[in-house]
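Here are the chains, one letter per residue:
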Amino acid sequence: MSSIQQKLWDGYIHIRVVLDSPKNGDEGPIELVLSVRRLSYFPLYFEEIAQFFARYCPEIIDSPLWLEYDGAPVQWHLPVGLLYDLLYFPRTVPCWTVKLHCSEYPRQFILPFQSVDYKAHLKLVVMNSLKQSCFVLNGSSRLIMNLNREKSDQLWGAIVQHNWVVHKDINQEIIPITSKIQRIPIKMYLSGTSTMIQSPVYPESSDGGGGANTLQDVVEASFPQSLIDKSSIIIQGISLDDLSTASPSIVELWSLFKHLDNFLHVTIRPKEQE
Amino acid sequence: MSDLESESASDSGPESENDVRAPPPLAASVLLEKTSIVPPPPPPEKVSIRLVSIGSTPSVSPNVIRISGDRSMAAVGQFLRKRLRSKSVHLYIQNTFEPGPDESVQDLFNLFKTKNELIVSYCLQVAFG
């Protein structure tokens, strides 16, 4: 594995979960600090969070918990690394503090859970995303639909257990070799809004010259230049500011920086003014 | 053909209530304002969605609806739930995957359309596990 992929795969974010309005008198905030993998999803940690906080908020046993950051319900179906890039700034300390809620689930803003079987719900969402990206890459979802039950369970297991070898092994069955890629699954998010854009992105640039499509081309096709000039473009925590001087091909970026759902998630974030 | 906006306007409440899009963090939206960045305007056009029932799920009428591209799939789900008088309905694109309720109709149309229509199949149960 390339050292970039190794670093990404091993990447952690420190998350401080603080209980909203604790009922423990003057003891101060009740909190749990977790190391959460960048390439993972919050619901994989919800069971641990629920167990820890159950004695302070018993309703957490049967009713789904949710996280909030700075007035925004955290969308659990998005990868943790993306949420950190998209939501958490200005960043005073690297540890991201989020508020835990045990009631009043905001169904209108984030996907609901029918039960506290968080992993089962996450599995549905992630497997559907994988089918979607498989379709975009191959022009059909045949490859993933043809995985037998055992392999499809192994793929999910590898995502839950963060098992590189198994994940790579099965994932390469559902993504085409580079020369056969039809379109690249990309989602772009504009920080400070609820805008998420995905558009058909081809490996080759549309100018007819046969050159590679670059991240700059892709971003410019969806966002006005005035916005791009005032923003940072962030992928997997890395800010790619000077796109015009070194703009790697979008296929290359996708294959190095894609998330577990095989999407390249790109954050467009306004630069902080000095 | 039916226009979804006029169909559901009477009882759907504010748009954000059924589009399942989370508001941004306060600091993030303040920063956006400070930099006077203008987010891209929503796509002006409406797109056609053809609704196809799966298995024993009843068909709805009309089976082709027009919806403004900046709405999310949650709005389509809500339309179907109302027509089918059901609490839950599963929507599929290309008969394979369930899109996220937060995904925009325009984006899905651009990526997965067939003959200028986005074909959405729907089922009261999970159809493609």
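Predicted model only: the values in this text are computed from it and were never measured.

**Describing the interface of chain A and chain B**
The partner chain B presents 36 residues to the 44 residues of chain A that form the contact. With both sides pooled, the region where chain A packs onto chain B buries about 3,400 Å², and carbon together with sulfur makes up 66% of that total. Seen at the junction of chain A and chain B, the total is one salt bridge. For B:Glu103, the salt bridge identified is with A:Lys187, shortest N-O distance 3.5 Å. Across the contact surface, chain A and chain B share twelve residue pairs in polar contact (both at pLDDT 80 or more).

**Some thoughts on empty space enclosed by the protein**
What the rule picks out here adds up to two cavities of 30 Å³ or more. Surrounding the largest cavity, 20 residues form its lining, A:Gln75, A:Leu86, A:Thr193, A:Ser194 and B:Ala22 being those nearest its centre. At the level of secondary structure, the elements contributing two or more residues to the lining of the largest cavity comprise strand 4 (72–73), helix 3 (80–87) and strand 6 (186–190) of chain A. Partitioning the lining of the largest cavity into residue classes produces twelve nonpolar, six polar and two charged.

**A short note on the pattern of salt bridges**
Residues and elements named next belong to chain A. Summed over all chains, the structure comprises seven salt bridges over all chains. A salt bridge links Glu-31 to Arg-16; its shortest N-O distance comes to 2.9 Å. Taken together, the residues span a long stretch of sequence, with Glu-31 in strand 2 (residues 31–37) and Arg-16 in strand 1 (residues 12–19) at a distance of 15 residues. Relative accessible area serves as the criterion here: at 33%, Glu-31 is assigned to the partly exposed category. Across the pair Glu-173 and Lys-151 runs a salt bridge, and its minimum N-O distance is 2.9 Å. Remark: Lys-151 occurs in helix 6 (residues 149–161) and Glu-173 occurs in helix 7 (residues 164–174); sequence separation between them is 22 residues.

**Looking at the UniProt feature "domain: Autophagy protein ATG5 alpha-helical bundle region" (unreviewed entry) in chain A**
Residues given the UniProt feature "domain: Autophagy protein ATG5 alpha-helical bundle region" (unreviewed entry) here are residues 122–176 of chain A. Regarding residues 122–176 of chain A, the helix share stands at 82% and the strand share at 0%, and the terminal C-alpha atoms are separated by 25 Å.

**Points about the domain arrangement of chain A**
All names here are of chain A. By the assigned domains, chain A splits into domain 1 (3–101), domain 2 (118–171) and domain 3 (183–273). One C-alpha centre belongs to domain 1, the other to domain 2; they are set 25 Å apart. Taken together, the contact pairs 14 residues of domain 1 with twelve residues of domain 2. Of the roughly 1,300 Å² buried between domain 1 and domain 2 on both sides combined, carbon and sulfur atoms contribute 77%. At the junction of domain 1 with domain 2, the criterion picks out zero salt bridges. Inspection of the domain 1/domain 2 interface yields two residue pairs in polar contact (both at pLDDT 80 or more). Those elements that provide at least two residues to the side of domain 1 that touches domain 2 are helix 1 (3–9) and helix 2 (43–53).

**Some words on the environment of B:Pro62**
With respect to the helices and strands, the residue B:Pro62 is situated in the loop between strand 2 (46–53) and strand 3 (64–68). Once the C-alpha coordinates of B:Pro62 and B:Leu51 are considered, the two residues, eleven residues apart in sequence, prove to be 8.4 Å apart.

**Focus on the packing of helix 6 of chain A against helix 7 of chain A**
Residues and elements named next belong to chain A. Where helix 6 meets helix 7, the closest approach of the two axes is 9 Å, and the angle between their N-to-C directions is 130°. In terms of orientation, helix 6 lies oblique with respect to helix 7. Read as a crossing pair, helix 6 and helix 7 show a hand that is left-handed. Residues Lys-151, Gln-154, Leu-155, Ala-158 and Ile-159 of helix 6 form the contact with helix 7, whose own contacting residues are Val-166, His-167, Ile-170, Asn-171, Glu-173 and Ile-174. In the contact of helix 6 with helix 7, the residues fall into six nonpolar, three polar and two charged.

Analysis parameters
- Think of each chain on its own: its residues are numbered from 1, step by step along the sequence as written.
- Chains carry letters and ligands carry numbers; both start at the beginning, A for chains and 1 for ligands, and go up in the order they are written.
- Thresholds applied to this predicted model are a pLDDT of at least 70 for local features of residues and 80 or more for the giving and counting of side-chain atom pairs; totals over whole chains, interfaces and linings are not thresholded and use all residues.
- Computation of side-chain values: all heavy atoms of the structure, hydrogens and water removed.
- Should any heavy atoms of two residues lie within 4.5 Å, those residues are counted as being in contact.
- Buried surface area refers to the total accessible area, computed with a probe of radius 1.4 Å, that the two partners give up upon joining, counted for both partners together.
- By definition, a salt bridge exists where a carboxyl oxygen of Asp or Glu is found within 4 Å of a side-chain nitrogen of Lys or Arg.
- Polar contacts, as used here, are pairs of N or O atoms within 3.5 Å; protein pairs need one atom able to donate a hydrogen and one able to accept it. Residues neighboring in sequence count only if both atoms are side-chain atoms.
- Grid points spaced at 1 Å over the protein atoms alone were grouped into cavities, where a 1.4 Å probe fits but cannot get out, and pockets, open sets with protein on both sides within 12 Å along at least five of seven lines, with lining residues defined by an atom within 4 Å of a point.
- Grid points are joined across faces, edges and corners, and a volume is the space filled by probe spheres set on the points.
- Put simply, DSSP H or I for four residues or longer makes a helix, DSSP E for two residues or longer makes a strand, and each gets a number counted from the N terminus.
- Under this grouping Gly is polar, as are all residues other than the nonpolar Ala, Val, Leu, Ile, Met, Phe, Trp, Tyr, Cys and Pro and the charged Asp, Glu, Lys and Arg.
- Exposure is judged per residue with a 1.4 Å probe applied to protein chains only, and the accessible area is read against the type maximum: over 50% gives exposed, under 20% gives buried, and values in between give partly exposed.
- UniProt positions are given in the numbering used here, feature names are shortened, and annotations may be inferred rather than shown by experiment.
- Domain start and end points were adopted from an automatic or database domain assignment.
- As a rule, the C-alpha atoms of each element are fitted with a line to give its axis, helices using only the stretch in contact, and angles between N-to-C directions run from 0 to 180 degrees.
- For classification purposes, an angle smaller than 35 degrees is called roughly parallel, one larger than 145 roughly antiparallel, one from 65 to 115 roughly perpendicular, and anything else oblique.
- Note on convention: the crossing is left-handed when the near helix lies turned anticlockwise from the far helix by less than a right angle, right-handed when the turn is clockwise.

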